[in-house]
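# Residue-level structure breakdown
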Amino acid sequence: MAKIIACDDEPYIVQGLRYLLESEGYDVSIANNGIEALELIEKEVPDMLIVDVMMPKMSGFQVVQTLRCRPETKSLIIMMLTAKGQRSDAVYAREIGATDFMTKPFSPIKLRERVRSLLAEKCEAPA
Amino acid sequence: MTSPRLEKPLSQLCADAALARTLIRSAEALGISFAILDAHGRHQFGPTQAGEPSHVRPLEMSPHVRGELRIHADFNGARLCAASDLIAGMMESAHHGLHTINGMAAEICDNYEELNLVYDLCPQIASKHEPISIGEELVAQTAEILDCRRVSLLCYDKEENVLSVLASRGLPSEVTTSKIPAVGSVCEELLLNDDLLMLADTADHPYFKLMSRGAYDGTVFAIARMPLRVHGQLIGLLTATERRNNAPFTAREGKLMMALATMGAITLQNSRLDQRLNETFISVIQCLCSAVDAKDPYTHNHSARVSALAVRIGRQLGLAPDALRDLRLAALVHDVGKIGVPEHILSKSDRLDRDEWMVMQKHPEFGAKILSQSKELERIALVVLYHHERYDGEGYPAGLKGEEAPLHSRIITTADTFDAITTARSYREARPHQVAIDEIKRCSGTQFDPMIVEAFLRVMQSMPGVRSESVVCRL
């Protein structure tokens with residue numbers, strides 16, 4: 001069972017993500033901010049991180065940049081959630097090394113499919 | 001998307017870190033130790049202890065989530081019962097809390113899906129301009145979102161009180177072209193006042209057959225229908241039926257259909273207003289031209305004919321729709337400056353003397369000056385200013401050479417000359433088309449741009465209608 005960390009400061013979104021991905025059988029942990037996400041990842045590197053861009057204290061971008069500097073999370077699958085209409089956010093997300101991004105409000109059906117295919121790609125890729 | 005409610009098995013409930021912490025602290029405070037087993041007797045929580053437990057009780061959080069609580073304690077009786085009740089109560093609350101959160105999370109997911117659809121479809125519908133393409137987009141979206149094979153968008157004509165098909169899919173062809181009268185007490189009432197109507201099957205609705213007016217063959221099926229309104233006025237009716245999965249429509253799908261209809265109504269209305277504005281604009285311009293034409297009975301309808309011919313030449317040259325629109329307008333108003341030329345000069349039957357000719361030659365400048373007053377017409381002021389320039393640079397007012405004069409001006413010069421030769425003037429009779437064609441050919445490269453003369457000749461070959469039209473107008 002793949003392990004996913006969902007990180008967003010909005011409790012409804014993070015619960016929605018948890019519910020959606022648990023329904024698919026993933027093992028989901030919740031982080032309510034960037035610092036919590038980094039702490040969880042330090043304990044155990046998950047298979048995937050879903051992280052919102054706009055968060056107080058530590059933005060999603062900072063989380064991704066921090067993770068990309070660490071050898072153990074250099075190739076961690078990271079999907080960023082960007083706000084609608086912020087095209088530059090999506091470009092920046094790619095630039096700093098996010099694997100993928102979706103704009104909010106995302107379609108749960110599409111997110112589920114995207115998560116599935118990203119994890120499948122990881123399985124296919126040589127270790 | 002309707003997600004099934006997710007109930008966490010006892011194992012996952014016990015794996016919740018916050019709950020585990022609370023349970024451990026409670027055990028300490030109560031002075032007991034306890035273990036939780038799932039329905040299959042597998043250990044899920046707490047220390048595995050040897051020996052018989054002092055107390056065993058079944059846990060039943062829900063019919064699907066069950067287990068057993070085993071307490072080891074140094075005491076008995078009421079105190080043990082109270083401790084047992086407390087732990088069981090905590091497990092139930094935890095399960096209930098999680099279940100509630102899951103319910104809300106499922107709702108959030110559904111709402112997000114819906115919001116996402118609406119966000120996606122609004123720009124797609126709003127990007128269309130023509131009523132028919134708006135209608136087709138609306139029908140396509142409705143068919144996809146509601147998973148229906150048969151979708152129609154009817155337009156309501158208030159004056160005739162009839163509905164006609166603007167766009168559809170899966171509808172028999174005899175229906176797509178017929179007009180459906182909206183009269184009849186019950187039908188009218190339902191058509192004009194009902195909001196969203198969703199039926200699991202058509203037999204549910206006593207008036208359905210009346211409302212449909214034979215558009216359906218009586219087979220029973222689920223149907224959803226939503227009126228399109230602007231300021232409360234009915235402008236159309238969106239209907240979807242023949243679901244691929246034959247299931248009744250859900251409340252969520254109803255909401256989506258309402259969103260589609262609202263978006264469609266606004267876009268359709270905008271397109272109509274835009275069209276009306278454009279028509280009004282053109283008709284005001286035509287009025288202005290008639291005012292000029294009226295000064296000289298010989299040039300009656302001259303502007304309209306030049307405009308029609310210029311547009312044909314423009315099409316031959318492959319101009320884009322926007323450029324053609326400007327050409328049409330410029331040709332319509334090319335002589336508007338004649339309003340500043342005294343009538344006795346305009347209608348003089350003898351040749352103009354030098355001074356009169358000087359005044360006459362001012363009309364492109366007068367015209368450009370008039371047009372530059374309007375922001376919308378400013379663009380074509382230059383076209384009008386140079387419509388008497390010649391390819392060899394011998395024209396007026398600026399003596400522009402070759403392609404220095406705007407393309408539109410060079411087209412209008414050619415069309416203008418053709419019309420001038422083929423219609424009667426105050427100083428001479430009308431002459432046959434062939435004379436005009438020969439004259440224009442002869443002056444290709446001197447007075448006219450050869451490229452435009454070629455396009456003009458192609459128009460003459462392919463459109464004999466131009467000739468007869470000119471003849472009719474002349475009479």
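Described below are features of the structure shown in this document. (Residues numbered from 1 in each chain as written. Chains lettered and ligands numbered in written order. Predicted model: local features only at pLDDT ≥ 70, side-chain atom pairs only at ≥ 80, totals over all residues.)

## Quick notes on the environment of A436(B)
Residues and elements named next belong to chain B. Short version of the rule: The secondary structure listing takes helices from DSSP runs of H or I that are at least 4 residues long and strands from runs of E that are at least 2 residues long, numbered from the N terminus. Around each residue's C-beta, the other C-beta atoms within 10 Å are counted; 20 or more make the residue buried, 12 or fewer make it exposed, and counts in between make it partly exposed. All C-beta atoms are placed from the backbone. Once C-beta atoms are placed from the backbone, any two residues with those atoms within 7 Å are in contact.
Examined against the element boundaries, A436 turns out to sit in helix α16 (residues 433-442). Looking at A436, the number of C-beta atoms within 10 Å reads 21, which means it is buried. As a C-alpha pair, A436 and D419 span 17 residues in sequence and 8.3 Å in three-dimensional space. The residues touching A436, leaving out its near neighbours within four places in the chain, are F418, I421, T422 and R431.

## Here we look at the sheet that holds strand β1 (residues 33-38) of chain B
Residues and elements named next belong to chain B. Note the cut-off: Note on pairing: two strands pair once DSSP finds at least 2 bridges between them. Between N-to-C directions, angles span 0 to 180 degrees; the directions come from axes that are lines fitted to C-alpha atoms, helices contributing only their stretch in contact.
With antiparallel pairing, four strands are arranged side by side in an open sheet as β2-β1-β4-β3. What marks the edges here is a single partner per strand, and that holds for β2 (43-45) and β3 (55-60). Across the sheet, the mean angle from the axis of one strand to that of its neighbour is 30°, orientation sign disregarded. Summarising the sheet, β3 and strand β4 (residues 66-72) pair through six bridges and their orientation is antiparallel. Paired with V56 across the strands is R70, a residue of β4.

## Side note on the packing of helix α15 (residues 407-422) of chain B against α16(B)
All names here are of chain B. For clarity, the cut-off: In this scheme, a crossing is called left-handed if the near helix is turned counterclockwise away from the far one by less than a right angle; it is called right-handed if the turn is clockwise. In this count, Pro and Cys sit with the nonpolar residues alongside Ala, Val, Leu, Ile, Met, Phe, Trp and Tyr, while Asp, Glu, Lys and Arg are called charged and the others, Gly among them, polar.
Axis separation between α15 and α16 bottoms out at 9 Å; the angle between their running directions is 145°. You can see that α15 and α16 cross each other, and the crossing is right-handed. Along its contact with α15, which presents T414, T417, F418, I421 and T422, the element α16 presents H433, V435, A436, E439 and I440. Class assignment for the residues of the contact of α15 with α16 results in five nonpolar, four polar and one charged.

## Observations concerning the packing of helix α2 (residues 34-43) of chain A against helix α3 (residues 60-69) of chain A
Relative orientation and spacing of two packed helices are given, respectively, by the angle between their axes and the distance between those axes. All names here are of chain A. Applied cut-off: Should an angle fall under 35 degrees it is called roughly parallel, over 145 degrees roughly antiparallel, and 65 to 115 degrees roughly perpendicular, with every other angle called oblique.
The interhelical angle for the contact between α2 and α3, taken along N-to-C directions, is 25°, at an axis separation of 9 Å. It follows that α2 is roughly parallel to α3 by the angle criterion. The way α2 lies across α3 gives a crossing that is right-handed. Residues G34, A37, L38 and I41 of α2 form the contact with α3, whose own contacting residues are G60, Q62, V63, T66 and L67.

## Some thoughts on the interface of chain B and chain A
Interfaces are often described in size by the accessible area the parts lose on coming together. On the chain A side, the residues contacting the 15 residues of chain B number 14 residues. For the side of chain B that touches chain A, the class distribution of residues is 11 nonpolar, three polar and one charged.

## Quick word on the sheet that holds strand β9 (residues 223-230) of chain B
Two modes of strand pairing occur in sheets, parallel and antiparallel, and in both the strands are linked by backbone hydrogen bonds. All names here are of chain B. Taken in spatial order, the six strands of this open sheet run β7-β6-β5-β10-β9-β8, and their pairing is antiparallel. This sheet does not close on itself; its edge strands, each paired only once, are β7 (179-181) and β8 (197-199). Within this sheet the neighbouring strands show an average axis-to-axis angle of 25°, counted without direction. The sheet contact formed by β8 and β9 spans three bridges and is antiparallel. If you follow M198 over to β9, its bridge partner there is A224. Where helix α8 (residues 251-295) meets the sheet, it contacts β8, β9 and β10 (233-243), and its direction lies at approximately 35° from that of β9.

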